[in-house]
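# Structural overview
Residue strings, one per chain:
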Amino acid sequence: MSTAPVCDFFIIGAAKAGTTSLHARLQAHPDLFLTEPKEPEFFARDDRYEAGIDSYAALFAAAKPGQLRGDASTLYSLAPLFPKTAERIKTHCPEAKFIYMLREPVKRCYSYYGQLVKNRQNATQDFEVRRSFEDFLYGERAKLCPRDDFFAPFDTHFPDVPEVLTAGSHYCVQIDAYFAHFAPEKFLFLTFEDFIKDQDAATAKVLEFLGVDRAKMPRQDATSVNRAVDHNRTVAQSQQVRGLMRRLGPVAALRHLVPNGLRQKLRARALARMPQGTAKTHVPQPMRPQTAAKLAEEFYADFDRLETLTGLDLKTAWGRGANG
């Protein structure tokens, strides 16, 4: 088995904290090589790790000499669900550096629920949301909705437990798991809130941390990816089109006989005249205020220690502290 450190740096999370946008920006730097797909998840998932380190090294086969190789897998900050991650990285990449993006923990938790909903909708084209956020956290999940009616087929590695949503917001737990194997100076901590406020400044911090020349970075516009509002709008439009096809019945089969430009105009006019349903069953219900308060009490219990571990001014970034 190869013992070479196949990866030089990791963006370990948190999920829904801007890692996809950061990954996209770093890909533009000529001295960096990041994997495609974005999230190999090799060191977290037993099924992928058991395939062997050479299968992971193959993801970097196209890297040029001198490029730093990066892996951006948010599953790497989901201890204790994937407890061997940090130890495995230490075995194969002992000198690795880590970038950890943190987001206000209650919002991150709900946003990740929305991501799981979106995963299944995109994978199955079944847009019904069968579990609310509260159902997932506090309900009898299997009775309310079978696992396969909530998780996407490619999310089979997730256990059907509330910690799928909550573990990623227990930041001290994640940091402790890594500090048991790596020195604190190997980590750069950023907040999602600061990143979206000034993406250029946050990216510059990352480049400096990695030791690559900032001057080589091409000028970039701010990136915005994985937006739930865009997904919900697309799903709503898809549902409208399906409704229109049902209304047209057998006539819909003749639509290819109409020139494309005219067909698009007729479709837009027909959709505009269709009644708009008020029940948006494809959109997850908002988090209840009492749920937010309960989660805040849980996540902010170690707030002061988190500020110490990360060196971040989280009171400013998140607009609140341990006492609200």
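Each remark here, short or long, concerns the structure printed above.
A short tour of the structure in this document, coming up. (Residues numbered from 1 in each chain as written. Predicted model: local features only at pLDDT ≥ 70, side-chain atom pairs only at ≥ 80, totals over all residues. Heavy atoms only, no water.)

### A look at the environment of Phe98
Take Phe98: it is sitting in strand S4 (residues 97-102). Separated by 84 residues in the primary sequence, Phe98 and Phe182 have C-alpha atoms spaced 9.6 Å apart. Beyond its immediate chain neighbours, meaning those up to four positions away, Phe98 contacts Phe10, Ile12, Ile89, Tyr178, Phe182, Lys186, Phe187, Leu188 and Phe209. (Helix = DSSP H or I, 4+ residues; strand = E, 2+ residues; numbered from the N terminus. Contact = heavy atoms within 4.5 Å.)

### Section: the sheet that holds strand S2 (residues 32-34)
Pairing in this open sheet of five strands is parallel, and the strands run S2-S3-S1-S4-S5 from one edge to the other. Looking along the sheet, the strands with just one partner apiece sit at the ends: S2 and strand S5 (187-191). Mean inter-strand twist for the sheet, computed between neighbouring axes without regard to direction, equals 20°. Two strands pair when backbone bridges link them, and strand S1 (residues 9-13) and strand S3 (residues 68-72) are joined in this way by three bridges, in the parallel orientation. Looking at the pairing, Phe10 lines up with Asp71 of S3. On top of the sheet, helix H9 (residues 171-179) reaches S1, S4 and S5; it is set at about 175° to S4, its chief contact. (Pairing = 2+ DSSP bridges. Axes fitted to C-alpha atoms, helices over the stretch in contact; angles between N-to-C directions.)

### Things to note about the pattern of salt bridges
On inspection of all chains with the given rule, the structure shows 16 salt bridges. In this structure, Asp149 engages Arg120 in a salt bridge whose closest nitrogen and oxygen atoms are separated by 3.7 Å. Here Arg120 lies in helix H5 (residues 105-124) and Asp149 lies in the loop between helix H7 (141-144) and helix H8 (163-166), a separation of 29 residues in the sequence. By relative accessible area, Asp149 is classed as partly exposed at 28%. For Arg120, a relative accessible area of 9% translates into the label buried. What you see here is one network of salt bridges that share partners, running through Glu41, Arg45, Asp47 and Arg48. (Salt bridge = Lys/Arg side-chain N within 4 Å of Asp/Glu carboxyl O. Buried < 20%, exposed > 50% of the residue type's maximum accessible area, 1.4 Å probe, protein only.)

### Remarks on the side chain of Ser132
Relative to the elements of secondary structure, Ser132 occurs in the loop between H5 and helix H6 (133-138). Classification of Ser132 as buried rests on a relative accessible area of 9%. Among the polar contacts listed, one links the side chain of Ser132 to the backbone nitrogen of Asp135, at a separation of 3.0 Å. Those residues in contact with Ser132 that sit more than four places away from it in its chain are Tyr113 and Gln285. (Polar contact = N/O pair within 3.5 Å; in protein donor to acceptor, adjacent residues only side chain to side chain.)

### Brief notes about the side chain of Thr74
With respect to the helices and strands, the residue Thr74 is situated in the loop between S3 and helix H4 (85-92). For Thr74, a relative accessible area of 10% translates into the label buried.

### What about the packing of aromatic side chains?
As enumerated under the stated definition, the model contains 33 aromatic pairs in all. Judged by centre distance (6.0 Å) and plane angle (15°), the ring pair of Tyr113 and Phe150 falls under stacked. Pair noted here: Tyr113 is in helix H5 and Phe150 is in the loop between H7 and H8, with a separation of 37 residues, a long-range link. Of the two residues, Tyr113 and Phe150, both sit in the buried class. Measuring from centroid to centroid gives 5.5 Å for Tyr300 and Phe303, while their planes differ by 25°, and the two rings are stacked. Residue classification places Tyr300 among the buried positions, given a relative accessible area of 4%. (Phe/Tyr/Trp six-rings, centres within 6.5 Å; stacked < 30°, edge-to-face > 60°.)

### Brief notes about the packing of H9 against helix H15 (residues 303-310)
Where H9 meets H15, the closest approach of the two axes is 10 Å, and the angle between their N-to-C directions is 40°. By the criterion of interaxial angle, the relationship of H9 to H15 is oblique. Here H9 runs over H15; the crossing is left-handed. Across from Tyr171, Cys172, Ile175, Asp176 and Phe179 in H9, the residues of H15 making contact are Arg305, Leu306, Leu309 and Thr310. Among the residues forming the contact of H9 with H15, the class breakdown is six nonpolar, one polar and two charged. (Parallel < 35°, antiparallel > 145°, perpendicular 65-115°, else oblique. Left-handed = near helix turned anticlockwise from the far one by under 90°. Nonpolar A, V, L, I, M, F, W, Y, C, P; charged D, E, K, R; others polar.)

### Side note on the state of the cysteines
Throughout the structure, instances matching the rule amount to zero disulfides. Among the cysteines around Cys93, which has no disulfide bond, Cys7 carries the closest sulfur, lying 5.5 Å off. Note on Cys93: relative accessible area 0%, which makes it buried. (Disulfide = S-S within 2.5 Å.)

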